[in-house]
Amino acid sequence: MERCEVQALIDRLAERHTDWTVFEALARHIVRDEHALRAVLDAITSHPNPKVRRLCADLMDHHGDDRCVETLRQALHDPVPRVRRQAVHSLSCQRCKTCALTVGVVPVLTDVALTDENMWVRREAVCALAFQPRDARAAAALRVLLARETDPKITSEVHGALRIHDEEYRRASNAAARVRQQRIDRM
Ligand SMILES: [Zn+2]
């Protein structure tokens, strides 16, 4: 496919009502055409329209491989939170991909969870941590978040992720749940 045709498809992602056939057409191109993949990766970091940047990052959720990692890392610094949130998801979600990424993402996710100014982006990073194998670095960051975060939309996710990454926390929360249940049983 001509490079300008791919670019035209990318630009159409800016339309107010998303034409998902355009999205699917791009998905088909990037799996078989390196130039199309490069154009989509470029759009993630440099397209002027944030919706285009977000949807191009979304394409990497199902169709990304290790070639998209550096671009998605850059997108974590996008000025628009929805783009950063999508970048977190595409970088960390292995279950949607046909080709799992081989890079470790725990340090990136803990960094986002601890430093992003937007609660929904931090929450996405915490949810992603819950799908990573047990890791002491994740446990340490989640302990900091548990002490710091106040919004229940994120604290419940932090609690769930800590139960996976921190055996001591899991035991303590199980014991606390048993005590609560015993109190209820006595009522
Ligand atoms: Zn996914």
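On a predicted model such as this, the values are computed, not experimentally measured, just so you know.

Thresholds, definitions, all that
Residues numbered from 1 in each chain as written. Predicted model: local features only at pLDDT ≥ 70, side-chain atom pairs only at ≥ 80, totals over all residues. Helix = DSSP H or I, 4+ residues; strand = E, 2+ residues; numbered from the N terminus. Buried ≥ 20, exposed ≤ 12 C-beta atoms within 10 Å, placed from the backbone. Core = buried A, V, L, I, M, F, W, Y, C linked by C-beta atoms within 7 Å. Contact = placed C-beta atoms within 7 Å. Domains from an automatic or database assignment. Nonpolar A, V, L, I, M, F, W, Y, C, P; charged D, E, K, R; others polar. Axes fitted to C-alpha atoms, helices over the stretch in contact; angles between N-to-C directions. Parallel < 35°, antiparallel > 145°, perpendicular 65-115°, else oblique. Left-handed = near helix turned anticlockwise from the far one by under 90°.

J.: What's the story with the overall build of the protein in this structure? I'm lost.
T.: If you tally the helices and strands in the protein, you get 11 helices and 0 strands. Starting at the N terminus, the α and β elements of the protein follow one another as α-α-α-α-α-α-α-α-α-α-α. Its C-alpha atoms put the protein at 70 × 30 × 30 Å along the principal axes. When the 187 residues of the protein are sorted by exposure, 37% land in the buried category.

J.: What exactly am I supposed to notice about the nonpolar core here?
T.: A general feature of soluble globular proteins is that nonpolar side chains tend to end up buried together. Core analysis: the largest hydrophobic core is formed by 46 residues, its most contacted members being I10, V40, C56, A125, V126 and L129. The contact partners of V126, leaving out residues within four places of it in the chain, are A113, L145, I154, E157, V158 and A161.

J.: Would you explain the domain arrangement of the protein in this entry?
T.: When cut into domains, the protein gives domain 1 (1-103) and domain 2 (105-187). A separation of 29 Å is found between the C-alpha centroids of domain 1 and domain 2. If one sorts the elements of the side of domain 1 that touches domain 2 by residue count, helix 6 (residues 81-92) sits on top with 7 residues. Of the residues contributing to the side of domain 1 that touches domain 2, the split by class is 5 nonpolar, 2 polar and 3 charged.

J.: Before we go on, may I ask you to explain the packing of helix 8 (residues 119-129) against helix 10 (residues 152-165) in this structure?
T.: When two helices pack together, you describe them by how their axes are tilted relative to each other and by the distance separating the axes. Interhelical geometry of helix 8 versus helix 10 gives an angle of 20 degrees and a closest axis separation of 9 Å. Put simply, helix 8 runs roughly parallel to helix 10. Viewed along their axes, helix 8 and helix 10 form a crossing whose handedness is left-handed. Only K153, I154, E157, V158 and A161 of helix 10 make contact with helix 8, whose side of the interface consists of M119, R122, R123, V126, C127 and L129. Taken together, the residues of the contact of helix 8 with helix 10 break down into 7 nonpolar, no polar and 4 charged.

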